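# Topology and contacts: notes
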Amino acid sequence: MDIIHLLPDSVANQIAAGEVIQRPASCLKELVENSLDAGAKTIHVIVRDAGRTLLQVTDDGKGMSATDARMAFERHATSKIAKAEDLFALHTMGFRGEALASIAAVAQVEVLTRRAEDEVGTLVEISGSEVVRHEPAQTAVGTCMKVKNLFFNVPARRRFLKTDATELRNLINCFYRIVLVYPDVHFVLVSDDELLYDLPKSSLKQRIEAVFGRTMRNGIASRLVDVNADTAAVRIFGYIGKPEDAQKQAQQYFFVNGRYMKHPYFHKAVMSAYAGMLAPDHNPYYFLYFDIEPDAIDINIHPTKTEIKFADEQMIWQIVLAAVRESLGKFNVTPSIDFDREGEIEMPQAGSGRGDAKMPQVSINSSYNPFKRAETNYVPGNWQQLYPSAEEQRQETAESEQRLFAPDLSQATPYQYKERYILLPVETGLLTVDQHLAHTAVLYKHFRKQQADKQGVKQQVLFPEVLDLNAADATLLVQIQEELEYVGFEICQLAPNSFSVDAVPAELGGGNPLRTLIGILHELQETGGSTRETWEQRIALSLAEDAAIKRGKVLQESEMRDLLERLFALENYQYTPGGKRICSIISDEEMERKMK
Ligand code: ADP
Ligand code: MG
């Protein structure tokens, strides 16, 4: 007897469903993508019990004919491609014609749909791949898909689901990945009768604000810095957060040609652009969109995968780094001390809706352009020419900034307040400077210079102290010994885990150099920097923090002037390399308001 037979469709579909529909969130993704493919301008999502009992997506898209409404649930039924070549010119999210067949295999589905040209619409009900009803019905133009009791016939899958809270979080994350790409579509999300999101059509910046703004004290839109890089290879645009807004957990998104993408490698490019600006363990938020020729990428066509391969990843890595760095550079250079009204720094941006109401009082240094060297004719392959070295950039910005923005110290007398702040009248108000943070920034720059020149100022220790370390710290110390010598340490290994410290950075003065040294080791162990460059930055920052004058130290006028002068000579005197705010202005208006 022959034993091979074809599986019934319902079984084949159930097996396929295992791949495509793993949880309510993957089902939601497929439904909403279908609505977008149908040209919807408004999409309402209703979920119940985190999608277990109901996932409903209603759109005002083009709808389906009576036959199509039934056909849509067949395996490999799609209106989006007809021949193999179409695969290379996709303009839709879906194309495999697999989603609805899969969903219908593992749930009870009800679709109500009508095209604009039809008087009456259609109702189709399917349960576990069996058509239960197919009849004319009254309904608005568009499509309403109801997916009930997901996995009702696959108990194993059902048990595999996480708690409602987790599944709802998955649903919401899936929702974010879509609404952040389609700001021109109105989305509503309701969960268990509670309205979670109502996101009207808006600009991209407003969409980000509407989604994430409420979790931030003063909203997010005014704190976003825009990114824009247009090369022949790729266009990158979007927004990034300022270093001081970095958080332990931050929203970070890459999208490629409208699809959400995970890309650990490009993530590193973004993080490198922020190097030295972030507090330990803090992450900046970013929303970066790539437009690229479809033939330069390989979208893993598996529907649940979010990895995308690029033909030339290294080149794009460099472009990402340069683009983010340029934006951060602009942000550092742009806001002048005299017009920084407490966090209102905003890049002027054409037609950015809400932002227009209060055009920020920021002067743009329009001459600043890190791409200056090669603005014109980009040719793939020689992109390196586009980007001057970081050092060149720094020098350029430092010069232009000093000229433009440094307050005139000869016009006013600084005053020390509570042994902590330096106050200085400037044109638009009262400048307040945190003395410890100001000195930290100044010293950081100083140590970075010593590292570049490889000569720190040493102070020999009369009676060298012996440092006994655990094995991990000892290994690290040997690794970074050279970097430590650049800034003035002299360390001699006595035994595998034992060292003598013969000289210390002169700047540490009366401090406790050994504690600083151990602090550096622990800092590096925790943050796990791996390149010499990050080691050097961390070392410089730790030293600067420990060597900087403390709060509570009384300063003479000459010392204050000296500190301010050195501070304003920095390219970024508003924030420490760790991202803390150094100075701020209390404006005349604010004071007047207080006096009323
Ligand atoms: P795919 O999206 O890969 O084509 P699906 O199984 O997701 O496959 O959908 C099958 C077909 O059903 C689509 O090609 C489309 O023609 C139709 N369809 C699905 N959802 C909608 C909708 N919301 N509005 C209009 N047509 C739809
Ligand atoms: Mg689809």
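See the structure above.
Residues numbered from 1 in each chain as written. Chains lettered and ligands numbered in written order. Predicted model: local features only at pLDDT ≥ 70, side-chain atom pairs only at ≥ 80, totals over all residues. Heavy atoms only, no water.

Moving on to the nonpolar core. Counting residues in each nonpolar core, the largest one holds 62 residues, and the members touching the most others are Phe-187 and Phe-287. The dominant element in this core, judged by the number of residues it contributes, is helix α6 (residues 164-179), at seven residues. Two domains each put at least three residues into this core: domain 1 (9-199) and domain 2 (204-298 + 306-330). Non-local contacts of Phe-187, meaning those with residues more than four positions away in its chain, are made with Val-32, Leu-36, Ile-43, Phe-175, Ile-178, Val-179, Tyr-182, Tyr-197, Asp-198, Leu-199 and Arg-207. Formed by 34 residues, the second largest nonpolar core is a distinct cluster that contains Met-277, Ile-297, Trp-317 and Leu-328. (Core = buried A, V, L, I, M, F, W, Y, C linked by side-chain atoms within 4.5 Å. Buried < 20%, exposed > 50% of the residue type's maximum accessible area, 1.4 Å probe, protein only. Helix = DSSP H or I, 4+ residues; strand = E, 2+ residues; numbered from the N terminus. Domains from an automatic or database assignment. Contact = heavy atoms within 4.5 Å.)

So, about the sheet that holds strand β17 (residues 421-426). Ordered by their spatial adjacency, four strands build an open sheet running β16-β17-β18-β22, and the pairing between neighbours is antiparallel. Single-partner strands in this sheet number two, and they are β16 (415-417) and β22 (583-587). For this sheet, the mean angle separating the axes of adjacent strands, direction not counted, is 30°. Sheet contacts for helix α11 (residues 435-453): β16, β17 and β18 (429-434); angle to β18, the most-contacted strand, approximately 70°. The strands touched by helix α16 (residues 588-595) are β18 and β22; relative to β22, the strand with the most contacts, the crossing angle is about 50°. (Pairing = 2+ DSSP bridges. Axes fitted to C-alpha atoms, helices over the stretch in contact; angles between N-to-C directions.)

A contiguous nonpolar surface patch, about 510 Å² in accessible area, is contributed by Met-1, Ile-3 and Ile-4. In this fold, Ile-3 is placed in the segment before α1 (9-20). (Patch = residues over 30% accessible without salt bridge, like charges linked within 9 Å, V, L, I, M, F, W, Y side chains within 5 Å. Areas by Shrake-Rupley, 256 points an atom, 1.4 Å probe, with all protein chains shown as cover. Salt bridge = Lys/Arg side-chain N within 4 Å of Asp/Glu carboxyl O.)

Across its 15 residues, helix α13 (residues 513-527) extends 21 Å between first and last C-alpha, which sits within 8% of the 21 Å expected from 1.5 Å per residue. Among all positions in α13, only Pro-513, Leu-514, Thr-516, Leu-517, Ile-520, Leu-521 and Leu-524 are buried. One side of α13 carries all its buried residues, which in axial view fall inside an arc of 165°. Exposed and oriented more than 90 degrees from the buried face of α13 are Arg-515 and Glu-526. At its buried positions, α13 is contacted by β19 (458-468), α12 (471-486), β20 (490-495), β21 (498-505) and α14 (532-547). (Expected span 1.5 Å × (residues − 1). Arc of directions from axis to C-beta.)

Applying the stated criterion to the full structure yields 22 aromatic pairs. For the pair Phe-175 and Phe-187, a centre-to-centre distance of 6.0 Å together with 85° between the ring planes defines the contact as edge-to-face. With Phe-175 in helix α6 and Phe-187 in strand β7 (residues 186-191), this residue pair connects regions lying 12 residues apart in the sequence. Ring centres of Tyr-176 and Tyr-197 lie 5.8 Å apart, and the angle between their planes is 85°; on these two criteria the pair is classed as edge-to-face. Remark: Tyr-197 occurs in strand β8 (residues 194-199) and Tyr-176 occurs in helix α6; sequence separation between them is 21 residues. Exposure remark for Tyr-176: the relative accessible area of 9% places this residue in the buried category. Judged by relative accessible area, which is 8%, Tyr-197 ranks as buried. The side chain of Arg-177 reaches across the aromatic face of Tyr-260, ending 3.9 Å from its centre. (Phe/Tyr/Trp six-rings, centres within 6.5 Å; stacked < 30°, edge-to-face > 60°. Lys NZ or Arg CZ within 6 Å of the ring centre and 35° of its normal.)

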